[in-house]
Amino acid sequence: MASIRKNNNKNRESYRILVCVGRDAHNKQLFESTTYHPKSKTPKAIEKEVSQFAQDFEKRVREGNYFSGEKMTFCEFTETW
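What counts, and where the lines are drawn
Residues numbered from 1 in each chain as written. Predicted model: local features only at pLDDT ≥ 70, side-chain atom pairs only at ≥ 80, totals over all residues. Heavy atoms only, no water. Helix = DSSP H or I, 4+ residues; strand = E, 2+ residues; numbered from the N terminus. Lys, Arg positive; Asp, Glu negative; His and termini not counted. Charge placed at Lys NZ, Arg CZ, Asp CG, Glu CD. Patch = residues over 30% accessible without salt bridge, like charges linked within 9 Å, V, L, I, M, F, W, Y side chains within 5 Å. Areas by Shrake-Rupley, 256 points an atom, 1.4 Å probe, with all protein chains shown as cover. Salt bridge = Lys/Arg side-chain N within 4 Å of Asp/Glu carboxyl O. Buried < 20%, exposed > 50% of the residue type's maximum accessible area, 1.4 Å probe, protein only. Core = buried A, V, L, I, M, F, W, Y, C linked by side-chain atoms within 4.5 Å. Contact = heavy atoms within 4.5 Å. Pairing = 2+ DSSP bridges. Axes fitted to C-alpha atoms, helices over the stretch in contact; angles between N-to-C directions.

1. Here we look at the overall build of the protein chain
Helices and strands together make up the secondary structure of the protein chain, namely two helices and three strands. Shown N-terminal to C-terminal, the secondary structure of the protein chain runs as helices and strands in the order β-β-β-α-α. Taken along its principal axes, the extent of the C-alpha atoms in the protein chain is 45 × 25 × 20 Å. Charge centroids of the protein chain, computed over 15 positive and 11 negative side chains, lie 8 Å from each other.

See below:
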């Protein structure tokens, strides 16, 4: 289940989406995260939009279709692929 947290920014409303992807050898939880900026204006529409994005993000992470390249070194990339 994805975790959704609202970021308190003065300029723009944004939400941080966290998805647990398992545990490492030291039993520490591993997460993938992203930030989402909703386009809707009303609170109800924003809630629905963020929820849908979180579901899609969690699905991509679980299926292995999410690639977090900016967090990965070239060496890690070559080992993965």
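2. Things to note about a nonpolar patch on the surface
A surface patch of nonpolar side chains, about 420 Å² in accessible area, is lined by Phe74, Phe77 and Trp81. Along the chain, phenylalanine 74 falls in helix α2 (residues 74-80).

3. Some words on the pattern of salt bridges
If you walk through the whole model with that rule in mind, you get two salt bridges. Linking glutamate 13 and lysine 6 is a salt bridge whose minimum nitrogen-to-oxygen distance equals 3.2 Å. Exposure remark for lysine 6: the relative accessible area of 49% places this residue in the partly exposed category. A salt bridge links glutamate 58 to arginine 62, with the nearest nitrogen and oxygen atoms 3.4 Å apart.

4. Observations concerning the nonpolar core
Judged by nonpolar contacts, Ala2, Tyr15, Ile17, Val19, Tyr36, Ile46, Val50, Phe53, Ala54, Phe57 and Val61 together constitute the single largest core of 11 residues. Elements with a minimum of two residues in this core: β2 (14-23) and α1 (43-63). Here this core takes six residues from α1, the largest share from any one element. If we ignore the near neighbours within four places in the chain, the residues touching valine 50 are Ile4, Tyr15, Ile17, Tyr36 and Pro38.

5. Description of the sheet that holds strand β3 (residues 29-36)
Taken in spatial order, the three strands make up an open sheet running β1-β2-β3, and their pairing is antiparallel. Among the strands making up the open sheet, the edge pair consists of β1 (3-7) and β3. For this sheet, the mean angle separating the axes of adjacent strands, direction not counted, is 25 degrees. When β1 meets β2, the two strands line up antiparallel, connected through five bridges. If you follow serine 3 over to β2, its bridge partner there is leucine 18. Of the strands in this sheet, β1, β2 and β3 are in contact with α1, which crosses β2 at around 25 degrees.

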